[in-house]
Amino acid sequence: MKIGNRQGRAVLVNDATCVDIEKASEGRFPADPQALFARWTEFVEWARTQPVEGGDTYTLAEFEAPSPRPPQVFGIGINYRGHAEETGWAIPEVPLVFTKFPSSVGGPFGVVELSGPKVDWEVEVVVVIGRGGRRIPASKAWGHVAGVTGGQDLSDREVQLRPADNPQHSLGKSFPGYASTGPFLVTPDEFADPDDIALSCSLNGEEVQNSSTADLIFSVPDLIEYLSHIVPLQPGDLIFTGTPSGVGATRKPPRFLTAEDVLTSSVAEAGQMRLTFTDGPDLPR
C-alpha cells in the first residue's frame, strides 16, 4: 500500500488516483498525516480493505512530507560500503548516528534555500516508524516500520565539519528543507525484498548516485535494534539510513549545489523528488 500527504491530508494512493482517508473512513481516522502513525496497526487493517480505484486524480506536486512533524529524526553516517570507500573511512563497527532537527523536514518538491557554497546532496532511503518501542530485536524490526520513503540528507559541509577536531554533523544537516522526504510512504510488503531497495540521484539530468540498500553496512533491522536499545522509538520517527557513493564532496574537483541546479532523487516504489535551490544570506563563519 502507498500513503501520501496531499496538501496536509492523509490519502491512500495508486498510480493514478488517491482516496482521502478521513472521508473514506467516515472520520474514524484523522486527516492529519502525522496523527495517523499513533494508530498505525489499526489503520493498516482498515486500509487493506479499501479500494483506491475511482478516487481523485492528483499531481505529484501536491504531495508533502509523509511524516511532516516527526518526533525524532535520526541520520546514519558511512552506512554504504561504496560511500565508505569513496571517503576513505574504515567500515564502522557500530552505526554512526547523528540527528537532524525536526524543523529541517521538508517535502519532495519545491525550493530549498542554500546555507552556503558547500551544500552537498545525499539521496537516502528513509524509514518511518509505525509502531514504536524499546529494545526491538532485529528479527521483529520490520514489523515496527510504517513504510519507506525517499529522502535527501542535504549537508552544509562547512558547518558540518567545523571545527575540524569536533564536527557539528547535526547542525550542518538541519537547515530548513535539508531533510526533504517523499513523495509516497510505501509499506514494506510492497517490496520483493525490503533489504534490497534501489535508490538514485541526478543533478541537472546527470546521474550522480545509483545503488541499493543491499550495500548497507547496517541493515534497517540492525539500525532499529541498535537505536531502540538506546532511545524509545516513536510513531512517525524518521531514520535516514545512509547515502551511497557519489556525493559532491568526494568528486575531483568537489561539486556542490548552486541556485541553478535541479536535484532529482528516486527511491523504488516511493516515487521521485525534485528540488531546486536559491541562495540564502551569508552565515557567520
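Undergrad: Teacher, can you tell me more about unusual backbone geometry here?
TA: In most cases, non-glycine residues show a negative phi, while peptide bonds are predominantly trans. Pro163 follows Arg162 through a cis peptide bond whose omega is -15°. Inspection of the secondary structure assignment puts Pro163 in the loop between helix H5 (157-160) and helix H6 (169-172). Omega for the bond connecting Lys252 with Pro253 falls within 30 degrees of zero, at 0°, which places this linkage in the cis form. One can find Pro253 in the loop between strand S17 (238-240) and strand S18 (262-267).

Undergrad: What is the right way to look at a negative patch on the surface in this model?
TA: Together, Asp193, Asp195, Asp196, Asp222 and Glu225 make up a negatively charged patch on the protein surface. In this structure, Glu225 sits in helix H7 (residues 220-228). On the basis of relative accessibility, which here comes to 32%, the residue Glu225 falls in the partly exposed class.

Undergrad: Looking at this model, I keep getting lost on the pattern of salt bridges. Mind explaining?
TA: Considering all chains together, one arrives at 14 salt bridges under this definition. When the shortest N-O distance is used, the salt bridge between Arg157 and Glu122 registers 2.7 Å. Here the residue Arg157 occupies a position in helix H5, and Glu122 occupies one in the loop between strand S10 (119-120) and strand S11 (123-129), the gap between them amounting to 35 residues. Glu122 matches Arg157 in its accessibility class, with the two residues each being buried.

Conventions we followed
- Just so you know, the residues in each chain are numbered from 1, in the order the chain's sequence is written.
- Totals for whole chains, interfaces and linings use every residue, but because this is a predicted model, local features are given only for residues with pLDDT of at least 70 and side-chain atom pairs only at 80 or more, for both listing and counting.
- Excluded from the side-chain calculation are hydrogens and water; included are all heavy atoms of the structure.
- Secondary structure is summarised from DSSP: a helix means a run of H or I of at least four residues, a strand means a run of E of at least two, and numbering begins at the N terminus for each.
- Only residues above 30% relative accessible area that lack a salt bridge enter a patch, with like-charged residues linked at up to 9 Å and the nonpolar side chains Val, Leu, Ile, Met, Phe, Trp and Tyr linked at up to 5 Å.
- Note on areas: Shrake-Rupley, 1.4 Å probe, and residue coverage restricted to the protein chains presented here.
- Salt bridge criterion: a side-chain nitrogen from Lys or Arg within 4 Å of a carboxyl oxygen from Asp or Glu.
- Charged-residue counts in this description rest on Lys and Arg as positive and Asp and Glu as negative, His and the chain ends being excluded.
- Note that the charge is assigned to NZ on lysines, CZ on arginines, CG on aspartates and CD on glutamates.
- The buried label applies to any residue whose accessible area, calculated with a 1.4 Å probe on protein chains only, is under 20% of its type's maximum; exposed applies above 50%, and partly exposed to all values in between.

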